[in-house]
Each structure stands twice: as structure tokens, then as C-alpha cells.
Amino acid sequence: SLCPAGTVASQADWPDTLALSLSTSDGRRLGSLANSIGLAAETLSRGFRAAYGITPARFRAEVRARQAMDMIFQTNAGLASIANDCGFSDQPHLTRAIVDLTGRTPGHWRRSNPFKTGRSERD
């Protein structure tokens, strides 16, 4: 969780602490996260963007999409199951996030992995 308001870590390192919190699947809203370190949600969002170059919402979406990509490559789980496990509302939500991140659909990535399709790289 984020550091209590007024601590040195919350004042100096809060963007990194927020990034770590956004990387977990705790599902907390930005307003709740902002309150936990004593900032307004808008201030938190602007400061995070200044530190990372993207909004907290975009950061969280990219983390989820990358987690889903790992599962696509490493498991045989269905895309709907992966979407659920990674915090997406449904499979189309997962597909949009991966397309936004990579320009390709999850199905493309699954088919492009010879290990998953049973094809050799020579095929």
C-alpha cells in the first residue's frame, strides 16, 4: 500500500510507489490512492504523468496488457479467462488493450508463437 501522508517516502517517492501499486491487481481507484498520500486525484495524475510520461490509467492499462501478453505466450488458457485474470471486463476489452499496445490482436500473438501452435519455426 502507499505510504501514509506526511512521510518522507510519500513526498519524495510517491510516483514510484503509485506505479508499484498500479502494477498490482488491487483494483483501487485513483481517488483512493490519492487520498492515501494526501493529494487530490488531479494532482496525483499530473505528477505521475510528469514522472512517467503517461497517465496512471494508461500505465495500469499497459501493465494489464503486458500481463495478458505473458499469459498468452506462457499458457493455453482461453482469452476470456486471461481477460478475467488480468482485470479486464471481458475479452473484447482485453483485445482492445493489446491492440493499443502492440498493434496486433491476442489471436495473432498466440498464432505467431510456434510453441503454442505446435508448428516448428521452419513451417
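For the structure, see preceding data.
Residues numbered from 1 in each chain as written. Predicted model: local features only at pLDDT ≥ 70, side-chain atom pairs only at ≥ 80, totals over all residues. Heavy atoms only, no water.

**Section: the overall build of the protein**
Stage number 1. Secondary structure assignment for the protein yields nine helices and zero strands.
Stage number 2. Counting from the amino terminus, the protein carries its helices and strands in the arrangement α-α-α-α-α-α-α-α-α.
Stage number 3. Once local pairs closer than 6 in sequence are excluded, the contacts in the protein between residues at least 24 apart make up 51%.
Stage number 4. Carbon and sulfur atoms form 51% of the exposed surface of the protein, whose accessible area is close to 7,300 Å². (Helix = DSSP H or I, 4+ residues; strand = E, 2+ residues; numbered from the N terminus. Contact = heavy atoms within 4.5 Å. Areas by Shrake-Rupley, 256 points an atom, 1.4 Å probe, with all protein chains shown as cover.)

**Notes on the pattern of salt bridges**
Stage number 1. With the rule as written, the count across this model stands at one salt bridge.
Stage number 2. Glu62 is the salt-bridge partner of Arg58, the closest N and O atoms lying 3.1 Å from each other. Of this pair, Arg58 and Glu62 both sit in helix H5 (residues 56–74), four residues apart, which is roughly one turn of the helix. (Salt bridge = Lys/Arg side-chain N within 4 Å of Asp/Glu carboxyl O.)

**Digging into the packing of helix H2 (residues 14–23) against H5**
Stage number 1. Viewed as axis vectors pointing N to C, H2 and H5 meet at an angle of 45°, and their least axial separation amounts to 9 Å. Judged on the interaxial angle alone, H5 and H2 are oblique. The two elements H2 and H5 cross, and the hand of that crossing is right-handed. Only Pro56, Phe59, Arg60, Val63 and Gln67 of H5 make contact with H2, whose side of the interface consists of Leu18, Ala19, Leu22 and Ser23.
Stage number 2. Among the residues making up the contact of H2 with H5, the classes are represented as six nonpolar, two polar and one charged. (Axes fitted to C-alpha atoms, helices over the stretch in contact; angles between N-to-C directions. Parallel < 35°, antiparallel > 145°, perpendicular 65-115°, else oblique. Left-handed = near helix turned anticlockwise from the far one by under 90°. Nonpolar A, V, L, I, M, F, W, Y, C, P; charged D, E, K, R; others polar.)

**What about the nonpolar core?**
Note on soluble globular proteins: their nonpolar side chains tend to be buried together.
Stage number 1. Counting twelve residues, the largest nonpolar core is built from Ala65, Ala68, Met69, Ile72, Leu79, Ile82, Ala83, Cys86, Phe88, Leu94, Ala97 and Ile98.
Stage number 2. Listed by contribution, the elements that provide at least two residues to this core are H5, helix H6 (79–85) and helix H7 (91–102).
Stage number 3. Ranked by residues supplied to this core, first place goes to H5 with four residues.
Stage number 4. Apart from residues lying up to four places away in sequence, Leu79 is in contact with Ile72, Gln91, Leu94, Pro106, Gly107 and Arg110.
Stage number 5. Counting residues in each nonpolar core, the second largest holds eleven residues, with Ala19, Ala34, Ile37 and Leu44 among its members. (Core = buried A, V, L, I, M, F, W, Y, C linked by side-chain atoms within 4.5 Å. Buried < 20%, exposed > 50% of the residue type's maximum accessible area, 1.4 Å probe, protein only.)

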